[in-house]
Amino acid sequence: MSQTHILSGDLLTFVDDPFNAPPEEAVQILTDSALLIEGGVITARGPREALVSQHPNAKHHPHPGKLICPGFIDAHAHYPQTAMIASWGKRLIDWLNTYTFPEEMRFSDPTYAADIAARYLDLTAAHGTTTMASFCTIHTASVEALFSEASARGQRIVAGKTCMDRNAPEDLLDTAQTAYDDSKAMLEKWHNQARLSYAITPRFSPTSTPEQLEAMGALWSEHPDCLMQTHLSEQVDELEWVSALFPSARDYLETYENFGLLGERGLYGHAIYLKPREIDRLSEVGAALVHCPTSNTFIGSGLFDMADLKARGLSVGLATDTGGGSSFSMLRTMAAAYEIAQLKGAVLHAAQLLWLATQGSAKALHLNDKIGSLDIGMEADIAVIDLASTSAISQRYANARNQWDQVFPTIMMGDDRAIAEVWIGGVRQSIS
Ligand code: GUN
Ligand code: ZN
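The residue numbering used here restarts from 1 in each chain and proceeds along that chain's sequence as written. Just so you know, chain letters begin at A and ligand numbers begin at 1, following the order they were written in. Local features are withheld for residues below a pLDDT of 70 in this predicted model, meaning they are given only at 70 or higher, and side-chain atom pairs are given and counted only at 80 or more; totals for whole chains, interfaces and linings count all residues. Heavy atoms throughout the structure, all of them, feed into the side-chain values; hydrogens and water do not.

**Description of the overall build of the protein**
Thought 1: In this text, helices come from DSSP runs of H or I with a minimum length of four residues, and strands from runs of E with a minimum of two, each type numbered from the N-terminal end. When its secondary structure is counted, the protein shows 16 helices and 16 strands.
Thought 2: Scaling as 2.2 N^0.38, a compact globule of 432 residues should have a C-alpha radius of gyration of about 22 Å, and the protein matches this with 21 Å.
Thought 3: Projected onto its principal axes, the C-alpha positions of the protein cover 65 × 50 × 40 Å.
Thought 4: Working definition: with a 1.4 Å probe on protein chains only, accessible area under 20% of the residue-type maximum means buried, over 50% means exposed, and in between means partly exposed. The buried share of the protein, reckoned over its 432 residues, is 60%.
Thought 5: Counting contacts in the protein only where the partners sit at least 6 residues apart, residues at least 24 apart contribute 76% of the total.
Thought 6: Working definition of accessibility: Shrake-Rupley area with a 1.4 Å probe, residue cover restricted to the visible protein chains. Of the roughly 15600 Å² of accessible surface on the protein, 49% is carried by carbon and sulfur atoms. As a reference, a globule follows 2.2 Å times the number of residues to the power 0.38, and the radius of gyration itself is taken over C-alpha atoms. When checking whether two residues touch, look at their non-hydrogen atoms; a contact exists if any pair is within 4.5 Å.

**Focus on empty space enclosed by the protein**
Thought 1: With a 1 Å grid spanning the protein atoms alone, the term cavity applies to any set of points in which a 1.4 Å probe fits but cannot get out, the term pocket to an open set with protein on both sides within 12 Å along at least five of seven lines, and the term lining residue to any residue with an atom within 4 Å of a point. Grid points are joined across faces, edges and corners, and a volume is the space filled by probe spheres set on the points. Applying the stated criterion across every chain, the model contains four cavities of 30 Å³ or more.
Thought 2: A volume near 90 Å³ is recorded for the largest cavity.
Thought 3: Leu 92, Trp 95, Leu 96, His 231 and Glu 234 are the residues nearest the centre of the largest cavity, which is lined by 13 residues in total.
Thought 4: Looking at the lining of the largest cavity, the element that brings in the most residues is helix 3 (residues 92–105), giving three residues.
Thought 5: The residue classification treats Ala, Val, Leu, Ile, Met, Phe, Trp, Tyr, Cys and Pro as nonpolar and Asp, Glu, Lys and Arg as charged. All others, Gly included, are polar. Looking at the lining of the largest cavity residue by residue, the classes come out as five nonpolar, five polar and three charged.

**Observations regarding the side chain of Ser 33**
Thought 1: Turning to its location among the elements, Ser 33 is positioned in strand 2 (residues 27–38).
Thought 2: Here a polar contact is recorded for every N or O atom pair within 3.5 Å, except that within protein the pair must consist of a potential hydrogen donor and a potential acceptor, and residues adjacent in sequence are included only if both atoms are side-chain atoms. Side-chain polar atoms of Ser 33 contact the backbone oxygen of Thr 31, separated by 3.0 Å.
Thought 3: Once residues within four sequence positions are removed from consideration, Ser 33 is found in contact with Leu 7, Ser 8, Gly 9, Leu 11, Gly 46, Pro 47 and Arg 48.

**A short note on the packing of helix 13 (residues 330–343) against helix 14 (residues 350–364)**
Thought 1: Remark: helix 13 packs on helix 14, axes separated minimally by 10 Å, with the N-to-C direction vectors making an angle of 130°. Looking at the two axes, helix 13 sits oblique to helix 14. Here the hand of the crossing between helix 13 and helix 14 comes out right-handed. In contact with Met 330, Met 334, Ala 337 and Tyr 338 of helix 13, helix 14 contributes Leu 353, Leu 354 and Ala 357. As a rule, the C-alpha atoms of each element are fitted with a line to give its axis, helices using only the stretch in contact, and angles between N-to-C directions run from 0 to 180 degrees. Any angle that is under 35 degrees is reported as roughly parallel, and any over 145 degrees as roughly antiparallel; angles of 65 to 115 degrees are reported as roughly perpendicular and all others as oblique. By definition, any crossing whose near helix is turned counterclockwise from its far helix by less than a right angle is left-handed, and any crossing with a clockwise turn is right-handed.

**As for the coordination of the zinc ion (ligand 2)**
Thought 1: Donor atoms are limited to N, O and S found within 2.8 Å of the metal ion, a distance that becomes 3.2 Å for Na, K and Ca. With water left out, some sites might look partial. Around the zinc ion (ligand 2), the protein contributes the donor atoms His 76 (NE2), His 78 (NE2), His 231 (NE2) and Asp 321 (OD), which lie 2.0 to 2.4 Å from the metal centre.
Thought 2: Geometry assignment treats four donors as tetrahedral when all angles are between 85 and 135 degrees, treats four as square planar and six as octahedral when opposite donors are over 155 degrees apart and all others between 65 and 115, and treats everything else as irregular. The coordination sphere of the zinc ion (ligand 2) comprises four donor atoms, whose angles at the metal cover 91 to 161°; the geometry is irregular.
Thought 3: In the primary structure, the donors to the zinc ion (ligand 2) are separated according to the pattern H-x1-H-x152-H-x89-D. With a gap of 245 residues between them, His 76 in strand 5 (residues 72–78) and Asp 321 in the loop between strand 13 (315–318) and helix 13 connect regions that are remote in the sequence. The two residues His 76 and Asp 321 agree in class, both being buried.

Structure, rendered in C-alpha cells:
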C-alpha cells in the first residue's frame, strides 16, 4: 500500500473564477492548513493541527509559511524546442526556418528524442510544472519519447504528433494520409493510457494543405474526446501569409473551421489578432485560447487582450510556448502576462495570475476534474512555493502589506529557486 502523506503550509484554493468575482474572494489562501494524500489523490483538507492528529500514521511534510499550489499547468509548449530556447534575433517565420525546423529534424533519432524528453520533464518539474500540452515533431519517435518518459514518471500530459505537409524542409514533411495514419496510430496507442492524453496537432494552417487539415478534422470527428491543439493569429506577417494561402477564407479561424478544426476541445495558441467574427465563433463553440506571453514578447508577436477576452467569457489557459517562449518557468510566464496586461491598460491580480497557471489551464485542457486545484478528489500534483527564495525577493516579502503582497514579488521575480518541492501523482519528486 502506498504511503499516506500530509503536506502542510498555506494552501491556494479556488472558490470561483477570479475574472468573474472579486479576486480575493474567488481565490483564498488558507494559512496553516494541510492536505491528506492517499493513493496519489487528495483525500482530505483542513487545519494542520486537526489533520495531523486525525492521521497519526501519515508522513508529515511541514512547509510553514510556504504557499502550496496546484502544480503549474503549461497549456502550450514544444518540448522539441528545449535545446534551442532563447535563439536570437528572428521573428516568427524566420525563427521557424532558422532555428526551429533544423532542431526538430533531429527528432527522427529516437535516442535524441528520448534524451530531450527526459531533459524537458526534468526542467519543467524543477520549475513546478506538473502537466503540459506539448507539440512533438512530425516523427512518431518524438511522440513515443515524450509519452514513454511521462508515463514512467506517472505524469499527466497532453501531446501529439505535429503535422505539416508544406512550407517546411522536405525532411519535416508528412502527407495528408501519413499524418492521419501516424496520428491515429499514436492516438490509439497512448490516449487515455495511465495519465496521458493525445491531442490532434496540425502545426498551423501555413504548414498544412487543405487536404491535410481535412484529414485532421476527420480524425478529430472520429475521436471527439481528444483535444486538438494548433496556433492562431500570432503575428501580422503570418496573418498575411494565411490569407494568401487561403484566399477564400474570411479570416484565420475559418482556415480551421472549414475543415472541422473548430470545437469545444480545441486549443488555439496565441490568438492575438482576432477579428470580431473569430471571437464570436470561438466563444460560441466554447473553445480555449492559450496566452503565451513570454513568446509573444520574445518573438515580437504582440499583446494578447486578456481582460477583453475573459470579459467575453472565453476560456483562457496560460503557457510558456517553449522554445518560442524564453523561459520554462510558469512564474516568469505569469510575470510576463502581468506586464502585457499593463501594456493593454489592465491590471491582473496575483490571484488571477495563479488561477490562470493552474485552474485556467486545467479548464482549457478539460482536465479540471482531475488537476488544477487542491480540492478533495484531485490528483496530487503540487508545487510548494518559497515566497522568500532570494535575497531580493526576501527583503520585499518582509515589507509586504498583506497576504497577496507577500505572493506578488515571487510571481514577478521568482524562478526555479522558488520551487521548494514538487509532487506528481502523490509522489515527491527529486528536483535539483
Ligand atoms: N507557429 C507555428 N509553429 C510555431 C512554433 O513552433 N512556435 C510558435 N511560437 N509559433 C508557431
Ligand atoms: Zn507554439
